[in-house]
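What the coordinates show
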Amino acid sequence: MKFVSVVGSSPAVPFRDALFAGLAPDGGLYVPEHLPPVHQMRVSPDADLSGVALDVIAPFVDDIPGDALASIVSSALTFPVPLTRLTENIFLLELFHGPTLAFKDVGARFMARALGYFLEREEEHLSLIVATSGDTGSAVAHGFFGIPRIDVYVLYPSGKISALQEQQMTTLGGNIHAVEVDGTFDDCQRLVKETFRTRAITSRKRITTANSINVGRLLPQVAYYYWGAAQLQLQRPKTDAPVLVVPSGNLGNLTAAMYARGMGAEITRCMAATNANDVVPRFLSTGQLETRQSISTYSNAMDVGNPSNLARLRHLLGDDQLRADLRGMSVTDEDTLDEMRRTFEQTGVVLDPHTAVGVRVARSVPATSPAIVPATAHPAKFPDVVQRAIAQSVPVPPALSDAMKKKKRSVRVKASMEAITELLLASS
Ligand SMILES: *Cc1c(COP(=O)(O)O)cnc(C)c1O
């Protein structure tokens, strides 16, 4: 399988090259040349997540031998992804049982291990630099923790992220370097971009970034939708194929869902559930794409005004087919809180605000079809919103409470390229 750029003027490359490059030379996102059909998945009650994931991922990755790919997949997916029933018709695919309690763990862990595999063979070393306003940094830090031959530098704005997010990034040590920048998130992003233009660094170090558009993050996400659809068939053998309602920001998770459907997973259709950042629902209903500045909401990991993975969806189906196949709906902050309250009162389940956006939209699915909503984060990550919605707190799982007890280790730097250069070169 080769990967091509959505822009279409870069050569097709194998998985390895797309993984290391992130973006294609023409600036486009990489997509698989075609979607391999995965034949009717064995829905046996004892099939495990790693096995299903391997079947889904393997056709995309022909440059890693099967046994090596199997061990990458099983060491990435060390936590369960249960499908639980929320209401008569709505099911949650719980993706928040990983180390940072959000679905981004899945992609980060697979990407880290795939990079590690190639670096080992090529006897190379890699420095990974990433700017974060909170959640991406902790998923990347945990995903890459302990991977040989990779050093990770996580740049975050000092004093501008939550204590919890900071503890999750700064207490790992080892190959994870937390860099506390005296500045804003935009400063951190600018420094990451400048790193790639600084010859003093690029001539001495192999360097890459780990943003959400990497194919290494997308593929394992396709796998868990296969898994979710198969679990539904097991739990409810006579049910119709589900509608998949995906809480969406940058649309990586939705792209993975559309790929799973395109490969033959039992999914009737997909829906994009957004917060007030409604560029995608508007595009789907009007055909006009109007990107804009993001607005901040309670479901802040979905505050995206110009979702980059939309390019992948348009490339997959073309605008007309995309608008025919995909529905979108936007949910206000008030309705998000209301959904958290209503779900809690009816079921006792506490939703995080992102998942609540999805559940709100899932309630509009006709009762003849079941709906699956990927539960993208654990509610304990958003104590303030939870408190506001249900006037209670949720117990903090050990993964979070343990991080709060550990000692913070970070390097504090000025928001200048000299400081970053010195830091990156110090460890070589
Ligand atoms: C990143 C994130 C999303 C949005 O996912 P995309 O793939 O960017 O659409 C939703 N929920 C949570 C909790 C997230 O961290």
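Residues numbered from 1 in each chain as written. Predicted model: local features only at pLDDT ≥ 70, side-chain atom pairs only at ≥ 80, totals over all residues. Heavy atoms only, no water.

Below, the discussion takes up the overall build of the protein chain. A count of helical and extended segments in the protein chain gives 18 helices and 14 strands. In terms of principal-axis extent, the alpha carbons of the protein chain reach across some 60 × 50 × 45 Å. In the protein chain, which comprises 428 residues, the share counted as buried stands at 58%. Within the protein chain, contacts between residues separated by at least 24 positions form 73% of all contacts whose residues are at least 6 apart in sequence. Put simply, the protein chain shows about 17000 Å² of open surface, and 50% of that area lies on carbon and sulfur atoms. (Helix = DSSP H or I, 4+ residues; strand = E, 2+ residues; numbered from the N terminus. Buried < 20%, exposed > 50% of the residue type's maximum accessible area, 1.4 Å probe, protein only. Contact = heavy atoms within 4.5 Å. Areas by Shrake-Rupley, 256 points an atom, 1.4 Å probe, with all protein chains shown as cover.)

On to the packing of aromatic side chains. According to the stated counting rule, one finds four aromatic pairs in the structure shown. Here the aromatic rings of Tyr224 and Tyr225 are separated by 5.0 Å at their centres, their planes lie at 65°, and the arrangement is edge-to-face. One exposure class covers both Tyr224 and Tyr225, and it is buried. Among the aromatic side chains, those forming a connected cluster through ring pairs are Phe20, Tyr117 and Phe118. (Phe/Tyr/Trp six-rings, centres within 6.5 Å; stacked < 30°, edge-to-face > 60°.)

Turning to the site of the ligand, a few remarks are in order. Close to the ligand lie 13 residues, the nearest being Lys104, Gly249, Asn250, Leu251 and Asn253. A distance of 2.9 Å is found between an oxygen atom of the ligand and a backbone nitrogen or oxygen belonging to Asn253. When the ligand sits alone it has 380 Å² of accessible area, and the protein chains cover 95% of it. In terms of residue class, the shell around the ligand is made up of five nonpolar, seven polar and one charged. (Near = heavy atom within 4 Å. Polar contact = N/O pair within 3.5 Å; in protein donor to acceptor, adjacent residues only side chain to side chain. Nonpolar A, V, L, I, M, F, W, Y, C, P; charged D, E, K, R; others polar.)

With a phi angle near 60°, Leu101 is a residue other than glycine that sits in the positive phi range. Its place among the elements puts Leu101 in the loop between strand E5 (90-94) and helix H4 (104-122). Of note, the phi angle at Leu251 is positive, near 70°, even though the residue is not glycine. Relative to the assigned elements, Leu251 resides in the loop between strand E10 (243-247) and helix H10 (252-262). Leu251 gets classed as buried once you look at its relative accessible area, which sits at 2%.

Keep in mind that these numbers describe shape and distance, not what the molecule does.
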